[in-house]
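Breakdown of the fold
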Amino acid sequence: MSLEFFIVTFVKIALLIFVLLTACAYSTYMERKILAYLQNRVGPSYAGPFGLLQPLADGLKLIFKEDIVPDRVERITFALAPVVSFIPAMLIFAVIPFSSEFDLFGLLPSPTEGVISDLSVGVLFIFAVTSLGVYGLVLAGWSSGSKYSLLGGIRSSAQMISYEVGYALSIVGVVLVANTLSLTEIVSLQSGSLFNWYIFKQPLGFMIYIVCAIAETNRAPFDLAEAESELVAGYHTEYSSMRFSMFFISEYANMLAVSAVAVTLFFGGWAGPFLPPIFWFLIKILAFMFVYIWLRATFPRFRYDQLMDFGWKVLFPLALFNIMLTAALEIL
Amino acid sequence: MNLDSVIFIISAAVTLFGAVMMIMQRNPVASVLYFILSLVAQAVLYVQLGALFVGAVLIIVYSGAILVLFLFVIMLLNLRGDEDLGAPSSPVSQLTKYVVSIGIIAEFAFVIWSTGFSSSIPTGIIAGASENFGSTEQVARLLFGRYLYPFELTSILLLAAIVGAVVIARKENGDEIESKAAAKTAADEVTG
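A brief look at the structure comes next.

It is worth spelling out the overall build of chain B at this point. In terms of regular secondary structure, chain B is built from eight helices and zero strands. In chain B, the succession of α and β elements from N to C terminus is α-α-α-α-α-α-α-α. Evaluated residue by residue, chain B yields a buried proportion of 24% over its 192 residues. Of the contacts formed within chain B by residues at least 6 apart in sequence, a portion of 61% connects residues at least 24 apart. Total accessible area on chain B stands at roughly 12,600 Å², and carbon and sulfur atoms take up 70% of it.

See below:
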């Protein structure tokens, strides 16, 4: 472990955090703009050209809001919860390969891998980090000392535990085909031709993945945890100011993370012709984010019992079937 | 002192700190949180020993599934720190408690003493191991080859526990309890 390794890794981490936070901010802009057009409105358009400075204005507004801590909260846990929900979303990007080898336009002394850490158990790392994501919501719901928060927290934790099963099992199919747990190898196995993408070998697995990913991130039509007509705002009802915005950022960071995992596992990662790899990676993620927003604009919310039934009685058996099918095809 | 020792000392200290704080807390939620801290630090220790798979599984199964369920139950019962959690225990159970804990400490001390300390802290355990020690492939070979029988027996035991939980929950008759049982199945599926 040389000094160069430390510096290069530090630069990569710093760049990634910067890009990720900016992307989170602009995802809100993208969401508002696309939702607006889908509903025949114009969306944010006053701050800057095409409303492009709107995320900045929102951020400033949130920083200057009063930070209200209600009387009956468990203070330490209450303060901890937004951070706990934010960190796992960031951690996932530590193992996502975002580019081929690069040298940052000659700024780095030698070409470096386009991933912060090429873990040999990258897929397991994703499972581990995803499974920690639920704590933020649970702790926020519990520590707020409010019934709406508690109900929202319980709902979301039950939902996330249930859908994590399908999420993990759908990825197992890819692992069976690829015969490796390293994400860098999974990407390189998919390069070359469009038809090497694992979505063509694992169509069922991909469909289960995308449904579970939306449920995991608590997005519409699975946003039961913050069903405003029943629970005010669910687990973050009592939060205000920067703490509220951390939940907001972590929601978008989570969306970006599951999109990045989907791109890596099913859509060939950074592989693509003509353009530099990093652009392909970003384009594919943007496409996923668009699908997310599109779904939100299109589908009404599920009922809670429907959500649980769907997770356990449809997705879970389907995912098991997919694994058996894949394993059988691999042996033949 | 190289980087390995620094990481080892930090994570070992955090592991012990978390474990001690876990049993010292009155508030059950705080206990669970310290338990998680301890587990994450333990996972770091495993990773440092080259057992990446075991480290990852420790987080996935314990921190990600089982402790979420602990929190879940604590939340549903709405336990707070200031509540009294039951009557004071009898002298017999007091005695058993101390005998068992002293016995365990003595056992650990004996095991550690008999292996003997090597001078370098973390590398001493790795040195004798083969190239792909602790890799997913090797663990899988052992689990589905040599130890297949105990492994399957354990799953049957877990299955029996799940069925038992569902039966008990049915008697009490409540939707949340059913979903708890469902969530427990989820945890065990991840394990199995």
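Below, the discussion takes up the side chain of Q54 of chain A. All names here are of chain A. Examined against the element boundaries, Q54 turns out to sit in helix α2 (residues 54-64). Here Q54 falls in the buried class, since its relative accessible area comes to 16%. Filtering out sequence-adjacent residues up to four positions away, Q54 remains in contact with Y29, R32, P44 and A47.

Moving on, we come to the packing of helix α6 (residues 147-178) of chain A against helix α3 (residues 52-77) of chain B. The packing of two helices is summarised by the inter-axis angle and the distance between the axes. At a closest axis distance of 11 Å, the pairing of α6 of chain A and α3 of chain B adopts a crossing angle of 155°. The angle between α6 of chain A and α3 of chain B places the two elements in the roughly antiparallel class. For the pair α6 of chain A and α3 of chain B, the sense of crossing is left-handed. Every residue of α3 of chain B that contacts α6 of chain A at L150, G153, I154, S157, A158, I161 and E164 of chain A is listed here: G64, V68, L69, F72, M75 and L76 of chain B.

Residues and elements named next belong to chain A. A contiguous patch of negative charge, built from E101, E113, D118 and E185, is present on the exposed surface. Within the fold, E185 resides in helix α7 (residues 183-190). The partly exposed category is assigned to E185, whose relative accessible area is 44%.

The next subject is the nonpolar core. Core analysis: the biggest nonpolar cluster contains 113 residues, and Y167 and Y209 of chain A have the highest contact counts within it. Beyond its immediate sequence surroundings of up to four residues, Y167 of chain A is in contact with I126, T130, Y209, C212, A213, E216, V258 and V261 of chain A.

Residue and element names in this part refer to chain A. Although it is not a glycine, N40 sits at a positive phi angle of roughly 65°. Position of N40 among the secondary structure elements: in the loop between α1 (3-38) and α2. Looking at N40, the relative accessible area reads 76%, which means it is exposed. For N179, which is not a glycine, the phi torsion comes out positive at approximately 65°.

Residue and element names in this part refer to chain A. Applying the stated criterion across every chain, the model contains 14 aromatic pairs over all chains. Ring centres of F206 and F288 lie 6.1 Å apart, and the angle between their planes is 75°; this geometry places the pair in the edge-to-face category. Taken together, the residues F206 in helix α9 (residues 203-216) and F288 in helix α12 (residues 277-298) connect sequence positions 82 residues apart. Residue F206 shares its accessibility class with F288, and that shared class is buried. Ring geometry for F267 and F288: centres 5.5 Å apart, planes at 85°, overall edge-to-face. With a gap of 21 residues between them, F267 in the loop between α11 (241-266) and α12 and F288 in helix α12 connect regions that are remote in the sequence.

Quick look at the interface of chain A and chain B now. Taken together, the contact pairs 29 residues of chain A with 27 residues of chain B. When the area that chain A buries against chain B is broken down by residue, the three leading residues are Y135, W142 and I161 of chain A, summing to 27%. Between the two partners, chain A and chain B, sit zero salt bridges. In this assembly, chain A and chain B are joined by two residue pairs in polar contact (both at pLDDT 80 or more). Counting only elements with at least two residues in the side of chain A that touches chain B, the list comes to α3 (75-92), α4 (122-132), α5 (134-143), α6 and α13 (304-331) of chain A. Among the residues making up the side of chain A that touches chain B, the classes are represented as 21 nonpolar, six polar and two charged.

To continue, consider the pattern of salt bridges. Once their charged atoms are close, side chains differing in charge can pair, the charge on each being opposite to the other. All names here are of chain A. If you walk through the whole model with that rule in mind, you get five salt bridges over all chains. Here E31 and R296 are joined by a salt bridge, their closest N and O atoms 2.7 Å apart. In this pair, E31 is assigned in helix α1 and R296 in helix α12, connecting sequence segments 265 residues apart.

All names here are of chain B. Note that S31 resides in helix α2 (residues 28-48). In this structure S31 comes out as buried when scored by relative accessible area, which is 15%. In this structure the side chain of S31 is engaged in a polar contact, spanning 2.8 Å, whose partner is the backbone oxygen of M22. Ignoring anything within four residues of it in the chain, the contact list for S31 reads M22 and Q25.

To continue, consider α12 of chain A. Counted at 1.5 Å a residue, the expected span for α12 of chain A with its 22 residues is 32 Å, and the 32 Å between its end C-alpha atoms agrees. Where the residues of α12 of chain A are buried, they touch α1, α9 and α11 of chain A.

Reading the values: rules and limits
- Residues numbered from 1 in each chain as written.
- Chains lettered and ligands numbered in written order.
- Predicted model: local features only at pLDDT ≥ 70, side-chain atom pairs only at ≥ 80, totals over all residues.
- Heavy atoms only, no water.
- Helix = DSSP H or I, 4+ residues; strand = E, 2+ residues; numbered from the N terminus.
- Buried < 20%, exposed > 50% of the residue type's maximum accessible area, 1.4 Å probe, protein only.
- Contact = heavy atoms within 4.5 Å.
- Areas by Shrake-Rupley, 256 points an atom, 1.4 Å probe, with all protein chains shown as cover.
- Axes fitted to C-alpha atoms, helices over the stretch in contact; angles between N-to-C directions.
- Parallel < 35°, antiparallel > 145°, perpendicular 65-115°, else oblique.
- Left-handed = near helix turned anticlockwise from the far one by under 90°.
- Patch = residues over 30% accessible without salt bridge, like charges linked within 9 Å, V, L, I, M, F, W, Y side chains within 5 Å.
- Salt bridge = Lys/Arg side-chain N within 4 Å of Asp/Glu carboxyl O.
- Lys, Arg positive; Asp, Glu negative; His and termini not counted.
- Charge placed at Lys NZ, Arg CZ, Asp CG, Glu CD.
- Core = buried A, V, L, I, M, F, W, Y, C linked by side-chain atoms within 4.5 Å.
- Phe/Tyr/Trp six-rings, centres within 6.5 Å; stacked < 30°, edge-to-face > 60°.
- Buried area = accessible area lost by both parts, 1.4 Å probe.
- Polar contact = N/O pair within 3.5 Å; in protein donor to acceptor, adjacent residues only side chain to side chain.
- Nonpolar A, V, L, I, M, F, W, Y, C, P; charged D, E, K, R; others polar.
- Expected span 1.5 Å × (residues − 1).

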